[in-house]
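# Commentary on secondary and tertiary structure
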Amino acid sequence: MSGHELGGAGRPAAFFDLDRTLISVNSAKRYIQNERKQGRVTTRQMFLSAFYLMLYHFSLADIKEAYRRAAMSFRGKDHAELTASTLTWFLEEIAETIQPGGESALQEHKAQGHPCVLLTGSTSYLAKIVTDHWELDDWLATQFVVDDDGKMTGEIDGPICYSDGKVVLATEWAKQNGVDLKQSYFYTDSFSDLPMLEVVGFPRIVNPDPRLRRMANRRGWPILDWQEVESQEATS
Ligand SMILES: [Mg+2]
């Protein structure tokens, strides 16, 4: 197959960011709050708090280093236990935060036969649960190495699903699934997702951060409002 055929063939898909896009909250922030509420003020919680701060104030290289450190803080944790506790936490704290506009967009894309794919900086544990719960077709997220005893090693397996890492994972997925990114959609709130917004044919901006709003206005990208008018999360 020649180079220019690779980009042309295939069907559309719809990719969705999770935090503050499909859901109205930042799941990492909610997770840290939950750990604190449960009285688990641990090294892990401290790493995760530092990680959350870095997402908003530091460079891409710093953020990727923070991801690795956050993953390291899970070393020795039991894979099955984390799967179960993530599900409990999701059902109690996260499931209700789906944005009305997100539910509608999922339904519209499903009706058109587009595969719906979660493309998130959150963990694979949460990504799997979200995909099952809202019946998406697949997920792409940061994955962790689990050893033969079912314990996390603290290492990350493959690219970090953040910024340009999302492009790497989505491009590979598109190739394997006969999807053409130039015919595809990507919904996100965050300027850090600019690389992925630039490779899809239909970038869709959802309740954006100020930097992404300016960029969207400059480039003529549609800006969507997926929040409820009486949203309780407006200031969190
Ligand atoms: Mg987001």
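The preceding data block contains the structure.
Residues numbered from 1 in each chain as written. Predicted model: local features only at pLDDT ≥ 70, side-chain atom pairs only at ≥ 80, totals over all residues.

### Section: the pairing of strand E6 (residues 202-206)
Across the 5 residues of E6, 4 count as buried, placing the element largely inside the fold. Two elements, strand E5 (residues 185-188) and E6, share 4 bridges in a ladder whose sense is parallel. The partner of Tyr185 across the bridge, within E6, is Phe202. What joins E5 to E6 is helix H10 (residues 194-199), and the crossover it makes is right-handed. Where the polypeptide runs from E6 across helix H11 (residues 210-219) and back to strand E7 (residues 223-224), its parallel neighbour, the crossover connection is right-handed. (Buried ≥ 20, exposed ≤ 12 C-beta atoms within 10 Å, placed from the backbone. Helix = DSSP H or I, 4+ residues; strand = E, 2+ residues; numbered from the N terminus. Pairing = 2+ DSSP bridges. Right-handed = clockwise from strand over helix to strand, strands pointing away.)

### Looking at unusual backbone geometry
With a phi angle near 55°, Ser163 is a residue other than glycine that sits in the positive phi range. Checked against the element boundaries, Ser163 lands in the loop between strand E4 (152-157) and helix H9 (164-176). Among the residues examined, Ser163 registers 19 C-beta atoms within 10 Å and is labelled partly exposed. Phi is positive for Asn207, which is not a glycine, with a value near 35°. Examined against the element boundaries, Asn207 turns out to sit in the loop between E6 and H11. Residue classification places Asn207 among the buried residues on the basis of 20 C-beta atoms within 10 Å.

### Examining the packing of helix H6 (residues 79-94) against helix H8 (residues 124-133)
Axis separation between H6 and H8 bottoms out at 9 Å; the angle between their running directions is 55°. Looking at the two axes, H6 sits oblique to H8. When you trace H6 past H8, the crossing you get is right-handed. Together, Leu82, Thr83, Thr86, Leu87 and Phe90 of H6 and Tyr125, Leu126 and Ile129 of H8 make up the contact between the two elements. In terms of residue class, the contact of H6 with H8 is built from 6 nonpolar, 2 polar and no charged. (Axes fitted to C-alpha atoms, helices over the stretch in contact; angles between N-to-C directions. Parallel < 35°, antiparallel > 145°, perpendicular 65-115°, else oblique. Left-handed = near helix turned anticlockwise from the far one by under 90°. Contact = placed C-beta atoms within 7 Å. Nonpolar A, V, L, I, M, F, W, Y, C, P; charged D, E, K, R; others polar.)

### As for H8
Tyr125, Leu126, Ala127, Ile129, Val130 and Thr131 are the residues of H8 that are buried. Where H8 is buried, its residues meet helix H2 (18-22), helix H3 (27-37), H6, strand E2 (116-123) and strand E3 (138-146). Looking one or two residues past H8, Glu135 carries a phi angle of roughly 55°, positive in sign.

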